[in-house]
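# Structural overview for review
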Amino acid sequence: MWGEGRDLTVRVDVVTAVHAGHAGFLPEAWRSLRRQTHPAWRWLVQADGPPEEARAALAACGAAADPRVSFACHATAEGPAVARNIALARATAPLIQNVDADDELEPDALTALAGALAAHPSAGYAVGHARDLTPDGALHDHPLPLAPGPIPRGALLAAWRTAPAEYRVPVHPAGVMWRRSLLHLLGGWSALHGMEDTGLLMAASATTEGVLLDIPTLRYRRHPAQISRQPSEFSGEGHQIALIHARAAALTALHPRAAWP
């Protein structure tokens, strides 16, 4: 298994953006962190907007009393990209794992992903499979269009289907483990509507190699309050996709192969 025999002391900061409507899911995210086989983690929770619900949820489940949990808020509602980037500014660990407030990590996620990056020092990010977690507790797998192992530079861009009838991101962008230095280089999560993590993932693909694990690392919760399921009048998705491609082309031309500390 990826990560087997690897150094379990490498530090990972887990970043979670949360708004009031998803605060009730925080205890489950917290329990998934407590089940991690990798012990050297810290949880950076960033409340986007009024913090009372998130603060109360963390207190009720006991997370607020754990010194590994760091809670902060910025008072106004600015969206997930801003919240994650503020949490990123608070981070000090060399590795950053994103987990959304309503999702969960598989028990071996941090061990496996950190181990994959240790085994592949030229990779700037690592990602595994995401399983849908439905309200009845069932987990559903989805086949990926890529083979496990090293992800060549540009491979995610090439596999990204953007036509409306067949839209698909080749790996789940919400469950990626990042080298913090790569996030700094790319400016963190992109200022995009509903595609902030996809924009970052494609910029990373244009810049460096990655690693794909052949195991599930993320449980993606399906529920009626998901942001992606809410009606929206936003009509700029095509322009966002064009911008992501233009940025990727510029990064491909600008950056030589990166070497990561």
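Data block above holds the structure.
Within every chain, residues take consecutive numbers counted from 1 along the sequence as written. Per-residue local features of the predicted model are confined to residues with pLDDT of at least 70, and side-chain atom pairs are confined, for both listing and counting, to 80 or more; whole-chain, interface and lining totals are unaffected and use all residues. As a rule here, side-chain values cover all heavy atoms of the structure and leave hydrogens and water aside.

## Some remarks on the packing of aromatic side chains
Pairs of aromatic rings are described using the distance from one ring centre to the other and the angle between the two planes. Defined as follows: Pairing of aromatic rings covers Phe, Tyr and Trp, the last through its six-membered ring, and needs centres within 6.5 Å; plane angles under 30 degrees mean stacked, over 60 mean edge-to-face, and all others mean tilted. The numbering of helices and of strands both runs from the N terminus, where a helix is a DSSP run of H or I of at least 4 residues and a strand a run of E of at least 2. Partly exposed describes any residue whose relative accessible area lies between the buried limit of under 20% and the exposed limit of over 50%, with all areas from a 1.4 Å probe on protein chains only and scaled to the type maximum.
If you walk through the whole model with that rule in mind, you get 4 aromatic pairs. Aromatic pair Trp30 and Trp43: ring centres 6.2 Å apart, planes at 10 degrees, arrangement stacked. Separated by 13 residues along the polypeptide, Trp30 in helix H1 (residues 26-34) and Trp43 in strand E2 (residues 41-47) bring together distant segments of the chain. In this pair, the class of Trp30 matches that of Trp43, namely buried. Three or more aromatic residues joined by ring pairs form one cluster here, namely Trp30, Trp41 and Trp43.

## Details of the environment of Ile96
Using the following cut-off: Contact definition: two residues touch when any of their heavy atoms are within 4.5 Å.
Residue position: Ile96 is located in strand E4 (residues 95-98). With a relative accessible area of 0%, Ile96 lands in the buried category. The spatial distance from the C-alpha of Ile96 to the C-alpha of Leu182 is 10.0 Å, given a sequence separation of 86 residues. When near neighbours in sequence (up to four residues on either side) are disregarded, Ile96 contacts Asp13, Val15, Leu88, Ala91, Val176, Met177, Trp178, Arg180, Leu183 and Trp189.

## With respect to the pattern of salt bridges
What counts is decided by this rule: Any Lys or Arg side-chain nitrogen found within 4 Å of a carboxyl oxygen on Asp or Glu counts as a salt bridge.
Taken as a whole, this structure holds 11 salt bridges when the rule is applied. Taking the shortest distance from any N to any O, the salt bridge between Arg84 and Asp100 comes out at 2.9 Å. Of this pair, Arg84 sits in helix H3 (residues 80-90) while Asp100 is found in the loop between E4 and strand E5 (104-105), placing the two residues 16 residues apart along the sequence. Each member of the pair, Arg84 as well as Asp100, carries the same accessibility label: buried. Here Glu104 ties to Arg221 by a salt bridge, and the two come within 2.7 Å at their closest N and O atoms. One end of the pair, Glu104, is in strand E5; the other, Arg221, is in strand E10 (residues 209-221), and 117 residues separate them in sequence. Accessibility classification places Glu104 together with Arg221 in one group, the buried group. In the salt-bridge network here, residues are joined through shared partners; they are Arg35, Glu104, Glu106, Arg131, Arg219 and Arg221.

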